[in-house]
Amino acid sequence: MSRGGCGAHRVCQRRCTPGVRSHLGQPLSGRTRGATPGPLHWGPRVPPRRSRGRGRVGPLRLQPGGRQRRQRNTQGPSYRRHRDTPAAPGGPARARPALPAPPAAVSSDGAMAGGGAGVAKRLGTLVSGLLECGAFCGIIFGWASLVFVLKDLGYFEGLCHPPTRNPNSTLLPDCSRQDEQFSLVFTIGSFMNNFMTFPMGFIFDRFGTAVARFIAISLYTGGTLLVAFSTPELSVLLFPAMSMLSVGGILLILTNMQVGNLFGKYRSIIITLYNGAFDSSSAIFLIIKVLYEHGLSLQAMFLFMAACSAWHLLRTLFLMPRTRIPYPLPPTYDYGLRCPGQSRSYRTYEEKRQPGEAGPEEDPLEPEAARDRGRGLPGAVSPPPLPFAACARSALFACHVAWLSAMQLRHYLFIGTLNPLLDHLARGKPGLVSTYTNAFAFTQLCGVLCAPWNGLILDRHKRGRTPRPEGALGTLADLRASVLSLVVTVTQCLLFSVCAAVPLLPVQFVTFVLQVLSRSFLYGGNAAFLAIA
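Definitions and limits used
- Residues numbered from 1 in each chain as written.
- Predicted model: local features only at pLDDT ≥ 70, side-chain atom pairs only at ≥ 80, totals over all residues.
- Heavy atoms only, no water.
- Phe/Tyr/Trp six-rings, centres within 6.5 Å; stacked < 30°, edge-to-face > 60°.
- Helix = DSSP H or I, 4+ residues; strand = E, 2+ residues; numbered from the N terminus.
- Buried < 20%, exposed > 50% of the residue type's maximum accessible area, 1.4 Å probe, protein only.
- Lys NZ or Arg CZ within 6 Å of the ring centre and 35° of its normal.
- Disulfide = S-S within 2.5 Å.
- Patch = residues over 30% accessible without salt bridge, like charges linked within 9 Å, V, L, I, M, F, W, Y side chains within 5 Å.
- Areas by Shrake-Rupley, 256 points an atom, 1.4 Å probe, with all protein chains shown as cover.
- Salt bridge = Lys/Arg side-chain N within 4 Å of Asp/Glu carboxyl O.
- Core = buried A, V, L, I, M, F, W, Y, C linked by side-chain atoms within 4.5 Å.
- Contact = heavy atoms within 4.5 Å.
- Polar contact = N/O pair within 3.5 Å; in protein donor to acceptor, adjacent residues only side chain to side chain.
- Axes fitted to C-alpha atoms, helices over the stretch in contact; angles between N-to-C directions.
- Parallel < 35°, antiparallel > 145°, perpendicular 65-115°, else oblique.
- Left-handed = near helix turned anticlockwise from the far one by under 90°.
- Nonpolar A, V, L, I, M, F, W, Y, C, P; charged D, E, K, R; others polar.
- pLDDT = per-residue confidence, 0-100.

Draft legend 1. A look at the packing of aromatic side chains. Overall, the coordinates contain 17 aromatic pairs when judged by the stated rule. Between Phe156 and Phe182 the ring centres are 5.3 Å apart and the planes differ by 85 degrees, which places this aromatic pair in the edge-to-face class. Taken together, the positions of Phe156 in the loop between helix H2 (143-153) and helix H3 (176-195) and Phe182 in helix H3 put the pair 26 residues apart, joining distant regions of the chain. The burial state of Phe156 is the same as that of Phe182; both residues are buried. Aromatic pair Phe414 and Phe496: ring centres 5.2 Å apart, planes at 85 degrees, arrangement edge-to-face. One end of the pair, Phe414, is in helix H14 (residues 395-416); the other, Phe496, is in helix H18 (residues 472-500), with 82 residues separating them in the sequence. Considered together, Phe414 and Phe496 belong to a single accessibility category, that of buried residues. Here Lys289 stacks its cationic end above the ring of Phe148, 4.7 Å away from the centre of that ring.

In structure tokens, the structure reads:
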């Protein structure tokens, strides 16, 4: 076969029609521009190729000697439009092959312009996560209300000493050792809440959302069952129970804070809202206290809380991702399981995609320029990734950990010693202690209302007329916006500590308000700061 025959036309991947020759005397595989009409073989039209310059390039044409040359096409419709090819003599018109539609765009608020998780699903995830954080995650911080119930049931009652007869004092038993045991239970539980954050975060990063939530649900269910089957004779079960409730709750909120990635520029507000719900969940023990005073048993209430684990399982399967929700949100991103035959779930996407192709949850979080550098494009230099050890040794991280530890210690000290403090200020009057305990628990419900204020402070620069810069400049703008949040949080904690030191019962109402404000700003601002730092 000659050099200019079918062998030179391998690009087209078509057979030459025998007996058909061009004006150059060489066989052609299909219709070319300028060829004499005749009994040619009409194969599918070769899509034009785009050049690096302006305009578009037409199909390849054979030149004398078998060489191929591109010619600029200055006529005809645009490349991306659907138009019919000119009709051949004696044959029907052939439609140009359809081109794939461009990917759906992502709006500024993280919503999909086409495909992906719908608004109803994202709102369902948000509301259900808010309910989960507000009813289950931080219940250990309502310890003062539960201690009132446990004391009435006789937990650690054997540590109380009979009263000593003193004419100048009321005849009250000495239960200081009982108070120490209750404080120790809360201290260990709150310590596990912080100490286990690092290993639980590693599990979350390494194995994804589903595995982390299954572990959290197991711990939470085990803790509620231990409390349900504990008795005054088995008061020691409170130690592992509170620790399991604490670790399970912090792991649940860790997996929920990524929901803010679904809402773009409202991300910090969602994160702080979830942390406010975490603070408000301490009111659950207040509900248990009120129901106990109306005749409901402690065992029945904790068994009901253990049965609520079915809710966590359903949410894990249908309203949470298998790995994590990326930020920025990729186009057509979806999550959760769906019924077969409906729209694509992550599992069916995994089965359909080609090997080595990145799925929506593995899309890199860097901007497009950084992704181009990572793909090894010409002229691009890929920066080395920052190792974890370097992040842990950074001055910013060390200062933030020290600041957070000091603030948390102040709040834990107040919550752990609140019941003995109220008992001392009320001079042992149970009714007065119960009233102030209820007041403290009611103020904790306002945490979910106070936390978004901090999110408004953190996101205030994103709502201006000038768009938020991308890359390092955008991160720097976020960090500058967090300075005011940190100053407000420190001021609130200082005022709260001053009021807590005043030995007057009426002043404690102001202390409760300042404490819930400071705590909501502390945890919400901490989570948002770590997300942007």
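Draft legend 2. Here's a closer look at the state of the cysteines. This model, assessed by the stated rule, comprises one disulfide. Here Cys160 pairs with Cys175 through a disulfide, and the sulfurs are 2.2 Å apart. The sign of the 120 degrees torsion about the S-S bond sets the Cys160-Cys175 disulfide as right-handed. With a gap of 15 residues between them, Cys160 in the loop between H2 and H3 and Cys175 in the loop between H2 and H3 connect regions that are remote in the sequence. Note on accessibility: Cys160 and Cys175 belong to one class, buried.

Draft legend 3. Inspection of a nonpolar patch on the surface at higher detail. A cluster of nonpolar residues, Phe214, Leu313, Leu314, Leu317, Phe318 and Leu337, forms a patch on the protein surface that exposes about 490 Å² of accessible area. Within the secondary structure, Leu317 is located in helix H10 (residues 309-318).

Draft legend 4. Looking closely at the pattern of salt bridges. Overall, the coordinates contain six salt bridges when judged by the stated rule. Close ionic contact of Glu132 with Arg315 constitutes a salt bridge, the shortest N to O distance being 3.2 Å. In this pair, Glu132 is assigned in helix H1 (residues 119-137) and Arg315 in helix H10, connecting sequence segments 183 residues apart. Comparing Glu132 with Arg315 shows no difference in burial state: the two are buried. Measuring nitrogen to oxygen at the nearest pair gives 2.6 Å for the salt bridge that ties Lys151 to Asp179. Pair noted here: Lys151 is in helix H2 and Asp179 is in helix H3, with a separation of 28 residues, a long-range link. Judged by its relative accessible area of 25%, Lys151 falls in the partly exposed class. Of the residues examined, Asp179 reaches a relative accessible area of 16% and is grouped as buried. Linked by salt bridges that have partners in common, Glu132, Arg213 and Arg315 make up one network.

Draft legend 5. Spatial organisation of the nonpolar core. Counting residues in each nonpolar core, the largest one holds 87 residues, and the members touching the most others are Trp143 and Phe302. No other element matches helix H6 (residues 238-256), which puts 11 residues into this core. Apart from the residues within four sequence positions on either side, Phe302 is in contact with Leu146, Thr224, Val227, Ala228, Phe285 and Ile288.

Draft legend 6. Structural context of the side chain of Ser230. Relative to the assigned elements, Ser230 resides in the loop between helix H5 (209-228) and H6. There is a polar contact of 2.8 Å between the side chain of Ser230 and the backbone oxygen of Val227. If we ignore the near neighbours within four places in the chain, the residues touching Ser230 are Tyr155, Leu237 and Leu238.

Draft legend 7. View of the environment of Leu458. Mapped onto the secondary structure, Leu458 falls in helix H17 (residues 447-458). Note on Leu458: relative accessible area 3%, which makes it buried. In this structure Leu458 touches Ser268, Thr272, Ala481, Ser482, Ser485, Gly525 and Ala528, once residues within four positions along its chain are discounted.

Draft legend 8. View of the packing of H5 against H6. At their nearest, the axes of H5 and H6 sit 8 Å apart, and the two run at 150 degrees to each other. Between H5 and H6, the interaxial angle falls into the category roughly antiparallel. Where H5 crosses over H6, the two elements pack in a sense that is left-handed. The residues of H6 that touch H5, namely those facing Thr209, Ala212, Arg213, Ile215, Ala216, Leu219, Tyr220, Gly222, Gly223, Thr224, Leu226 and Val227, are Pro240, Ala241, Met242, Met244, Leu245, Val247, Gly248, Leu251, Leu252, Thr255 and Asn256. In the contact of H5 with H6, the residues fall into 15 nonpolar, seven polar and one charged.

Draft legend 9. View of the packing of H5 against H10. Axis separation between H5 and H10 bottoms out at 10 Å; the angle between their running directions is 180 degrees. On the basis of the axis angle, H5 is roughly antiparallel to H10. Taken together, the residues of H10 that come into contact with H5 (itself represented by Ala210, Arg213, Phe214, Ile217 and Thr221) are Ser309, His312, Leu313, Arg315, Thr316 and Leu317. Grouping the amino acids of the contact of H5 with H10 by side-chain chemistry returns five nonpolar, four polar and two charged.

Draft legend 10. Region of interest: the confidence of the model for the chain. Residues of the chain with pLDDT of at least 70 account for 63%, and the chain-wide mean is 74. The model gives residues 1-38 a pLDDT under 50, and that stretch makes 55 contacts with residues more than four places away or in other chains. Residue range residues 51-58 is modelled with pLDDT below 50. Its contacts to residues more than four positions away, or to other chains, number 21 contacts.

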